[in-house]
Amino acid sequence: MWIVGWSAVVTAVLWAVAVYVQPPPLWRPGQGIPPPPDATAMQLTGPPTWLRITKISVDAPLVPLRLEKSGELEAPKDYDTPGWYADGTPPGDTGPAVIAGHVDSRVASAVFRHLEDLRAGDLIEVQRDGVWLKFSVVSTGRYPKGHFPTAQVYGPTPDAQLRVITCGGSFDRARNSYRDNLVVFAIMKSNDY
Amino acid sequence: MPMRRWLAGLTVVGLTTPLCVLGAASPVHAQDVGYVRLAHLSPDTPEVDVYLNSQSSGFKEQVFPGVGYGVMSKYLALPVGGYTVAMRLSGAAPTTPAVLTTQVSVSAGGAYTVAGVGRYAGLGLKVLKDDLTLPAENKTKVRIVQASVKAPILGVSVANGPSIAENVAFATTTDYQLVDPGNWRLMIRPAGGSGAKEVSTNLGAGSVYSLLILDSKPSGLKTELRVDALRQGGVPDGGVQTGGGGLENLKLAAMGLIGSVVLLLLAVGVILRVRRARSKVL
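Quick caveat, the model's predicted, so the values are computed rather than measured. (Residues numbered from 1 in each chain as written. Chains lettered and ligands numbered in written order. Predicted model: local features only at pLDDT ≥ 70, side-chain atom pairs only at ≥ 80, totals over all residues.)

### Digging into the pairing of strand β8 (residues 160-172) of chain A
Residue and element names in this part refer to chain A.
- Most of β8 is tucked away, with 10 of its 13 residues classed as buried.
- Of the pairings in the sheet, the one linking strand β5 (residues 95-100) to β8 comprises 6 bridges and is parallel in character. Directly across from Ile99, in β8, lies its bridge partner Val164.
- Of the pairings in the sheet, the one linking β8 to strand β9 (residues 177-188) comprises 10 bridges and is antiparallel in character. Following the sheet pairing, Gly168 is matched in β9 by Asp180.
- If you look at the hairpin formed by β8 and β9, you'll find 4 residues sitting between the two strands, and Asn176 has a positive phi there, around 55 degrees. (Buried ≥ 20, exposed ≤ 12 C-beta atoms within 10 Å, placed from the backbone. Helix = DSSP H or I, 4+ residues; strand = E, 2+ residues; numbered from the N terminus. Pairing = 2+ DSSP bridges.)

What follows is the structure, encoded as structure tokens:
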């Protein structure tokens, strides 16, 4: 009988946790961000060519992405290759550079499977003109696609910033797409670090 | 006695189900840093040393030496919180009392210009709130920072085009105005009619600028178009379709497997009970 009793208690506790406890809060930074380097001083003019996020085993080339006729940013054609919004700010220039990649395909995980594991302070690296630019994650957010925070994600910035986007939340089978987007916000950090 | 097996089976199912219901969309602030820049906008004040300190511990004091009239620093990204800005005449020892001090409360995503404004006799430290948010309709936002005492009232307009601001007084800053993006010649027109100045500008769509107007030596005006915030390209509409649901399928498959195992255990339990009951009867 005691096995049954303990099992019931454990189940009750887990149900309570699921219902009443919020998901772990998406992380915030704990320390100051140093002033970004002067992007023009590096005289980078070429496109970004490679993305590396060591913590989540991302090490892949970047393909250019453009806006579709609908105005939406197109997704990369390959599930294992991330892309960057090529008509927008290139990573390292002042402004919001945008990188997007798949979280999964119809049957398997994809390049940004573990993007949700990034936390403030994690390192994202983008190669451009042979130089590795370093970005530090500032925060992350998950947003319903119907209420996408356009101004926050695509709005102008006073320094070189990065937004890394993939899908998240629950999967809507009727629409054959995820309900949310996960956005990681990062700021370029001094290459002295 | 069969009840025990049923309860155990239900418990297992109960244990696996909560793992699937966690998670609701949780938007957070884009960044928990704000931006502060410093400016010297007083035409007759000599160079100053500017000291930036945090009101919380662990922050290393930052000093900007020899800041002269017309200098506006780059934005510094700072953690949210309270800061103190102090000004001393350049070269004065840090132990001497500051000429001016002010507090800045930095909020997440906020941007501030802390400026010494006015004439030396009435010098003040003003905290300007800079609005870096995306301009409506992907237009451009421009404001005028009027630091010319020789042209104490002036107007700014697009050459042969709309006015941006009129009757802008020395030591004031206008609100941001929405203008069409493009390569524009701007006219700066001091009240009184003389000394007008033309300046070529490239105003990017969706970007934010402050136009500094300063006295030039020996005479005339000098302008500097400062980028407050920048972006490039069209604004994408909404998010990105970057998922095919494969992870959901994998999760469902795993749950199906667990469920099958549970049913199997229940079935085995029932069969064992039935056999035991039968053997007792015999």
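### Topic: the sheet that holds strand β8 (residues 124-130) of chain B
Residue and element names in this part refer to chain B.
- Strand order in the open sheet made by the 4 strands is β4-β1-β7-β8, with mixed pairing throughout. Looking at which strands have only one partner, the edges of the open sheet turn out to be β4 (76-79) and β8. For this sheet, the mean inter-axis angle between neighbouring strands, taken without regard to orientation, is 30 degrees.
- Bridge count between strand β1 (residues 33-41) and β4: 4 bridges; the pairing is antiparallel. (Axes fitted to C-alpha atoms, helices over the stretch in contact; angles between N-to-C directions.)

### A look at the domain arrangement of chain B
All names here are of chain B.
- Per the domain assignment, the segments of chain B are domain 1 (32-130) and domain 2 (133-230).
- Here domain 1 and domain 2 have C-alpha centroids that lie 23 Å from each other.
- Residue-level contacts link 9 residues of domain 1 with 10 residues of domain 2.
- Partitioned by chemical class, the residues of the side of domain 1 that touches domain 2 number 5 nonpolar, 2 polar and 2 charged. (Domains from an automatic or database assignment. Contact = placed C-beta atoms within 7 Å. Nonpolar A, V, L, I, M, F, W, Y, C, P; charged D, E, K, R; others polar.)

### Here's the deal with the sheet that holds strand β3 (residues 62-67) of chain B
Residue and element names in this part refer to chain B.
- Strand order in the open sheet formed by 4 strands is β3-β2-β5-β6, and the pairing between neighbours is antiparallel. Lying at the two open borders of the sheet, with one neighbouring strand each, are β3 and β6 (100-106). Taking the axes of each pair of neighbouring strands and ignoring which way they run, one obtains an average angle of 20 degrees across the sheet.
- Inspection of the sheet shows strand β5 (residues 81-89) paired to β6 by 7 bridges, in the antiparallel sense. Within the sheet, the bridge partner assigned to Gly81 lies in β6 and is Val106.

### Topic: the confidence of the model for chain B
All names here are of chain B.
- Model confidence for chain B is summarised by a mean pLDDT of 88, while 88% of its residues fall at 70 or above.
- Of all secondary-structure elements in chain B, the lowest mean pLDDT belongs to helix α1 (residues 2-16), at 57, while strand β9 (residues 140-147) reaches the highest, 98.
- Under a pLDDT of 50 for its full length, residues 16-30 has, in the predicted model, 32 contacts with residues more than four places off or in other chains.
- If you check the scores for this complex, the pTM reads 0.81 and the ipTM reads 0.80. (pLDDT = per-residue confidence, 0-100.)

### Overview of unusual backbone geometry
- Residue Lys217 of chain B is joined to Pro218 of chain B through a cis peptide bond whose omega torsion reads -5 degrees.
- As for its position among the elements, Pro218 of chain B is in the loop between β16 (208-215) and β17 (221-229).
- One non-glycine residue, Asn176 of chain A, lies in the positive phi region at around 55 degrees.
- Following the sequence through the fold, Asn176 of chain A ends up in the loop between β8 and β9.
- When the 12 C-beta atoms within 10 Å are taken as the criterion, Asn176 of chain A is described as exposed.
- Of note in the backbone geometry, Asn138 of chain B takes a positive phi value of approximately 55 degrees without being a glycine.
- Structurally, Asn138 of chain B is set in the loop between β8 and β9.

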